[in-house]
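The lines below spell out each chain.
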Amino acid sequence: MKILLCITIGVLYSAAVYLLFRRSFLKLIVGIILFGHATNLFLLIMGRLTSGLPALLANGGDREAMADPFPQALILTAIVIGFGMQAFAIVLLKKSYADVKTDDLDDINTTDYLSTSNKKFKA
């Protein structure tokens, strides 16, 4: 099970890095999402995988068999932060596409584009 998860993490990281180097803004966002999922799985592996054991131990329970709860708390925090980053990136993509009419990052090389809501303030 651990080997399968390690291979999955490696595939997710490599796909994320590949997508982060693409020119499309949408592929960049998907790469950020995959990178977050790979990191969450990595933290889960680092906290030890336990199957069929209770989360809370009675007096005299085996502490070595228990999963570490700290990485699980980190994962919950990372999920919330990752969702916020993804939502911001999607809104940024929508706004930049509305202004520039392309999602190619090489075509977005200047800050001289005015949005439709700011045209009345043009000097």
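Source: prediction; values computed, not measured.

Visitor: Is there a simple way to think about the overall build of the protein chain in this case?
Guide: The number of helices and strands found in the protein chain is three helices and zero strands. Ordered by position from the N terminus, the helices and strands of the protein chain form the series α-α-α. Among the 123 residues that make up the protein chain, the fraction classed as buried is 20%. Sequence-distant contacts, at least 24 apart, represent 52% of the contacts inside the protein chain between residues at least 6 apart. As displayed, the protein chain has an accessible area near 9,300 Å², and 68% of this comes from carbon and sulfur atoms.

Visitor: Whenever I open this one, the packing of aromatic side chains confuses me. Can you help?
Guide: By convention here, two paired aromatic rings are described through the distance between centres and the angle between planes. What the rule picks out here adds up to one aromatic pair. Ring centres of Tyr-13 and Phe-35 lie 5.3 Å apart, and the angle between their planes is 70°; this geometry places the pair in the edge-to-face category. Here Tyr-13, found in helix α1 (residues 2–20), pairs with Phe-35, found in helix α2 (residues 25–46); they are 22 residues apart in sequence, far enough to count as distant. Overall, Tyr-13 belongs to the partly exposed group, its relative accessible area being 25%. Relative accessible area serves as the criterion here: at 36%, Phe-35 is assigned to the partly exposed category. A cation sits over an aromatic face here: Arg-22 above Tyr-18, 4.5 Å from the ring centre.

Criteria and thresholds
Residues numbered from 1 in each chain as written. Predicted model: local features only at pLDDT ≥ 70, side-chain atom pairs only at ≥ 80, totals over all residues. Heavy atoms only, no water. Helix = DSSP H or I, 4+ residues; strand = E, 2+ residues; numbered from the N terminus. Buried < 20%, exposed > 50% of the residue type's maximum accessible area, 1.4 Å probe, protein only. Contact = heavy atoms within 4.5 Å. Areas by Shrake-Rupley, 256 points an atom, 1.4 Å probe, with all protein chains shown as cover. Phe/Tyr/Trp six-rings, centres within 6.5 Å; stacked < 30°, edge-to-face > 60°. Lys NZ or Arg CZ within 6 Å of the ring centre and 35° of its normal.

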